[in-house]
Amino acid sequence: MVFEDNQIVKKHYVKRAEILSNLNLFRDSVTTYETNLKTLNAECNVSHLSEYLFENQPSIIRKIRCNCGLQSERKCVIVNVNVDKLLDEGLASMEETILDADPLVRRRCSSCGDFVAEEQVEYGPHLLIDLSIFTDENYLKGRSITLPSLDEIAPSVKLGGKMYMMAGAVHWAQRHYTAYVKTGTFWHLYDDLQKKRKLVKHDQKIQPHLLVYIIRK
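Residues numbered from 1 in each chain as written. Predicted model: local features only at pLDDT ≥ 70, side-chain atom pairs only at ≥ 80, totals over all residues. Heavy atoms only, no water.

**Some details on helix α5 (residues 94-101)**
Logical step 1: Three or more residues of α5 are buried, namely M94, T97 and I98. Buried residues along α5 cover an arc of 100 degrees about the axis, so they all sit on one side.
Logical step 2: Next to the buried residues of α5 lie β3 (78-79), α4 (83-89), β5 (126-130), β6 (156-159) and β11 (208-215). (Buried < 20%, exposed > 50% of the residue type's maximum accessible area, 1.4 Å probe, protein only. Helix = DSSP H or I, 4+ residues; strand = E, 2+ residues; numbered from the N terminus. Arc of directions from axis to C-beta. Contact = heavy atoms within 4.5 Å.)

Below, the structure written as structure tokens:
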């Protein structure tokens, strides 16, 4: 969308804040810790916005069955990664960093306390991967990090017997989000402050906040 005034103004951030304040992430923090939500960063939060937009289309569904009869299901819109491994080995190791972030461990049942009999992980039609760590100054302090280029992103990942192909990346810079979308072998830049998309080179450096993979049919 190209805004009529060709800029992002207060009303756009207000709408983002309304969406974010209704996410479980923020509602739970207020309820659990009995604190008042005084400020909310509505500039830099694409992963949280994704939780709202894809609430009914999660990246991962975890199903747990216990011998006591308890069955539960947890839907995750955002895929976790091993951040340290990702920063050390780069975006080409995406599949390994996802698998390494959630090793198969025995979990205890919330009802009876015994180890659950079975846990199944199902991957959805897409994978949304939060990479806002690339702009986390506190976490990156003392690290020498080079921003990745588009051609350094793993072109595909295989999880749960399904193959996912790289579809795009959300880029954050100068307090503004833009998107890089991969079509075939080409990359295009989409900027809502510009009227047309722009063809970019594969070695274009980006500051990714979110990666999107879609299942190969």
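**Points about the side chain of T97**
Logical step 1: Within the secondary structure layout, T97 lies in helix α5.
Logical step 2: Taking relative accessible area as the criterion, T97 reaches 0% and is therefore assigned buried.
Logical step 3: Contacts of T97, omitting those with residues within four sequence positions, involve V81, N82, K85 and L86.

**A look at the pairing of β6**
Logical step 1: Burial along β6 is one-sided: the residues V157 and L159 are buried and none of S156 and K158 is.
Logical step 2: As defined by bridge partners, β6 adjoins strand β7 (residues 162-173) across four bridges and the pair is classed as antiparallel. Pairing of K158 across the sheet is with M163, part of β7.
Logical step 3: Between β6 and the antiparallel strand that follows it, β7, lie two residues; G160 among them carries a positive phi value of about 60 degrees. (Pairing = 2+ DSSP bridges.)

**A short note on the nonpolar core**
Logical step 1: Counting 31 residues, the largest nonpolar core has M94, L127, I129, I153, L211 and Y213 as its most contacted members.
Logical step 2: Elements with a contribution of two residues or more to this core: α4, α5, β5, β6, β7, β9 (186-190) and β11.
Logical step 3: The dominant element in this core, judged by the number of residues it contributes, is β7, at three residues. (Core = buried A, V, L, I, M, F, W, Y, C linked by side-chain atoms within 4.5 Å.)

**With respect to helix α3 (residues 46-53)**
Logical step 1: Turning to α3, its buried residues number three or more, namely V46, S47, L49 and S50. All buried residues of α3 lie within an arc of 155 degrees about the axis, which places them on one face of the element.

**What to know about the environment of H202**
Logical step 1: Among the secondary structure elements, H202 is positioned in the loop between β10 (198-200) and β11.
Logical step 2: On the accessibility criterion, H202 (37% relative accessible area) is partly exposed.
Logical step 3: Between the alpha carbons of H202 and S149 there is a distance of 7.1 Å; along the sequence they are 53 residues apart.
Logical step 4: Ignoring anything within four residues of it in the chain, the contact list for H202 reads S149, L150, D151, T185, F186 and W187.

**Here's the deal with the pattern of salt bridges**
Logical step 1: The final tally for this structure, using the stated rule, is two salt bridges.
Logical step 2: Residues K63 and E122 are paired through a salt bridge, measuring 3.4 Å at the closest nitrogen-oxygen approach. Taken as a pair, K63 in strand β1 (residues 60-65) and E122 in strand β4 (residues 118-123) lie far apart in primary sequence, 59 residues in all.
Logical step 3: Residue classification places K63 among the partly exposed positions, given a relative accessible area of 31%.
Logical step 4: For the salt bridge of K85 with E89, the shortest nitrogen-to-oxygen distance reads 3.1 Å. Within this pair, K85 and its partner E89 are both found in helix α4, separated by four residues, close to a single helical turn.
Logical step 5: Relative accessible area serves as the criterion here: at 47%, E89 is assigned to the partly exposed category. (Salt bridge = Lys/Arg side-chain N within 4 Å of Asp/Glu carboxyl O.)

**Things to note about the state of the cysteines**
Logical step 1: Summed over all chains, the structure comprises zero disulfides.
Logical step 2: C68 forms no disulfide, and the closest cysteine sulfur to it belongs to C66, at a distance of 3.7 Å. (Disulfide = S-S within 2.5 Å.)

**Some details on the side chain of T178**
Logical step 1: When you line up the elements, T178 lands in strand β8 (residues 176-183).
Logical step 2: Leave out the neighbours within four places in its chain, and T178 touches A169, V170, H171, L189, Y190 and D191.

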